[in-house]
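Listed below are the residues making up each chain.
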Amino acid sequence: MFESLGLLADGFATAATPGNLLAVFVGVLLGQVIGALPGIGPSLGMALLLPVSFGMEPVTAIVMLSGIMYGAMYGGTLTSVLINVPGESSGVMTTIEGYKLARQGKAGSALSVAAVGSFIGGTCSIFVLIAAALAISEAALLFGPPEMFLLAALGIIATAALGSGSATKALLMAVFGVMLALIGTDPIVGTERLTFGMLGLVDGIDFLPVAIGVFGIAEVLVSLERLVHLDPMRLPLRDMWPKWADWVSCRMAIIRGSTIGFILGVLPGAGPTASTFIAYAVEKKYSKQPEKFGNGALDAVASVESANNAAVTGSMVPMLTLGIPGSGLTAVLLAAFTLQGIRPGPLLMTDQPELIWGLIASMFIGNLMLLVMNLPLAPLFASMLRIPYALMAPGILLFCLIGAFGATLNLFTVGLTVFFGVLGYFMIKADLPRAPLILALVLTPIMESSLRQSLILSQGSLKIFLHHPLTVILVAVVIACLVWPIVRLLLDRRAGRRGPRALDEAA
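On a predicted model such as this, the values are computed, not experimentally measured, just so you know. (Residues numbered from 1 in each chain as written. Predicted model: local features only at pLDDT ≥ 70, side-chain atom pairs only at ≥ 80, totals over all residues. Heavy atoms only, no water.)

J.: Got a minute to help me understand the overall build of the chain in this structure?
T.: Secondary structure summary: the chain contains 20 helices and two strands in total. Among the 507 residues that make up the chain, the fraction classed as buried is 54%. Contacts in the chain between residues far apart in sequence, at least 24 positions, make up 79% of those at least 6 positions apart. About 21,800 Å² of surface is accessible on the chain, with carbon and sulfur atoms providing 69% of the total. (Helix = DSSP H or I, 4+ residues; strand = E, 2+ residues; numbered from the N terminus. Buried < 20%, exposed > 50% of the residue type's maximum accessible area, 1.4 Å probe, protein only. Contact = heavy atoms within 4.5 Å. Areas by Shrake-Rupley, 256 points an atom, 1.4 Å probe, with all protein chains shown as cover.)

J.: Is there a simple way to think about the packing of aromatic side chains in this case?
T.: Each pair of aromatic rings is reported with the distance of its centres and the angle of its planes. Enumeration over the complete set of coordinates arrives at five aromatic pairs. Each ring, one from F12 and one from F364, has its centre 5.8 Å from the other, and the planes form 35°; the classification is tilted. Placement of the pair is F12 in helix α1 (residues 2–15) and F364 in helix α16 (residues 353–384), with a sequence separation of 352 residues. Given the relative accessible area of 31%, F12 is considered partly exposed. Judged by relative accessible area, F364 falls into the buried class, the value being 14%. On the numbers, 5.3 Å between centres and 50° between planes, the contact of F149 with F465 is tilted. (Phe/Tyr/Trp six-rings, centres within 6.5 Å; stacked < 30°, edge-to-face > 60°.)

J.: What should I look at first to understand the confidence of the model for the chain in this one?
T.: Low-confidence regions, as indicated by low pLDDT, have predicted coordinates that should not be scrutinised in detail. In the predicted model, the chain carries a mean pLDDT of 75, and the fraction of residues at 70 or more is 78%. Here helix α3 (residues 41–49) stands out as the least confident element of the chain, with mean pLDDT 71; helix α18 (residues 411–429) is the most confident, with 87. (pLDDT = per-residue confidence, 0-100.)

J.: Is there a simple way to explain the packing of helix α9 (residues 207–225) against α18 in this structure?
T.: Helix-helix packing is characterised by the crossing angle of the two axes and by the distance between the axes. Interaxial distance between α9 and α18 falls to 7 Å at its minimum, and their mutual angle equals 50°. With respect to α18, the element α9 is oriented oblique. Pair α9 / α18 crosses with right-handed handedness. Of α18, the residues touching α9 (which contributes P209, V210, I212, G213, V214, I217, A218, E219, L221, V222 and E225) are T413, L416, T417, V418, F420, G421, G424, Y425, I428 and K429. (Axes fitted to C-alpha atoms, helices over the stretch in contact; angles between N-to-C directions. Parallel < 35°, antiparallel > 145°, perpendicular 65-115°, else oblique. Left-handed = near helix turned anticlockwise from the far one by under 90°.)

J.: In this structure, what is going on with helix α19 (residues 435–457)? I would like to understand it.
T.: Along an α-helix, a turn takes 3.6 residues, which lines up residues three or four apart on a common side. With 23 residues, α19 ought to run about 33 Å at 1.5 Å a step, and its terminal C-alpha atoms sit 33 Å apart, in line with that. In α19, a bend of some 40° at L443 exceeds every other bend along the element, and P445, a proline, comes one to four places later. Residue Q459 follows α19 closely and has a positive phi angle near 55°. (Expected span 1.5 Å × (residues − 1). Bend = angle between axes of the 7 residues up to and from the residue.)

J.: Quick question: what am I supposed to make of helix α12 (residues 298–314) here?
T.: With 17 residues, α12 ought to run about 24 Å at 1.5 Å a step, and its terminal C-alpha atoms sit 24 Å apart, in line with that. The element α12 is extensively covered by neighbouring structure, given that 17 of its 17 residues are classed as buried.

Written out as structure tokens, the structure is:
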């Protein structure tokens, strides 16, 4: 306990330097703006700023990008409440209740409760993150090449198999990501592979053009298809604070939402979206006024927004301790670690304590900044929603291409970005998940290097993956993740057969 307090104090000393404080402020401010503008999203915002972060110190770059990540979670609340358009998929449940409250003249109450709930959910989750990080980092020395291979494989497979939607589609996208990551130069032998004689592919396909393409350009193209006239309501500052009775009615909702959000955030593939849906369902069950749900329930907004921010913090646990991104957002952040020359994994906590504890401390500071900013600046953020998206889209596309070119100063990278942008557009239209593709692209180099190191150590014997209880457990979990989609499909079919029988018997 005392060790963790000492490390956290060192983290605050790192985060409290003028440069890092400015980076946190810029990050959460940009996150607010990005989250409040439909069609952009935190993934694109983080990807666009990856080239900018190249010249920064690692701590400064990481705290700024993470500030965008959790800052955008609240920014999306503005669009959900004021114009009935979720900025992110995790804002769908807030849209259902928040916009109804706004039409009842309670927009200020909804935004205030969301701000406080997000602060409490995020802050409480950071304390749990500290405990989990210390516990897992102590076991970091147990991880050698076999364990690292299995962890990387688990990150790819679990995110694809356990996420929402079709497991088959997710696994196919993960396999496609692995194929893309293998293009370039063999890390052991040094020979070219899968380059088809193209010099631009000798160094492999970088994460940046893929991320900017599938998250940025693709989102803009899809958003331009469904342009609507947004008519946001005005939000006077005097209406921003809810009544005392509202706080009393929401206190348990915030606690329940924070708990659900953190637990589900830790699970790879679940993420903020799943946590908000489950938090909404749980809150409706425990609410004293369930009839208000669907018609403007303030406790639903409190629970959902608490779960949203807590899930973002929860998804940091597997990333910081095991090197496994818990969501698409943390996949982008994991790529930022890689671009800074920092190898993610269990040893990260011991190899880079200043960076990790500075990041954790910055999350405390960033959440406090968000709370202070959200209430007085909400009317200003709301006014930005009056900008027609048709005017913003060309600027977003231009920034995407500039960001891709700035990373390598190579037009081939720009071409790759456009290609993956078009590919991402068709992925969205075909309902193909993009997160497994990104995660596989990030984790495959680690997985391949660890696999080949393991086989070199064992002289080609696969028994090395069963030599230790930890590796046996990891192998069992990987197999379980592969089998689970089949089991789930069989259970769904069995339930489908039972449904018609029950109806026939009732008739």
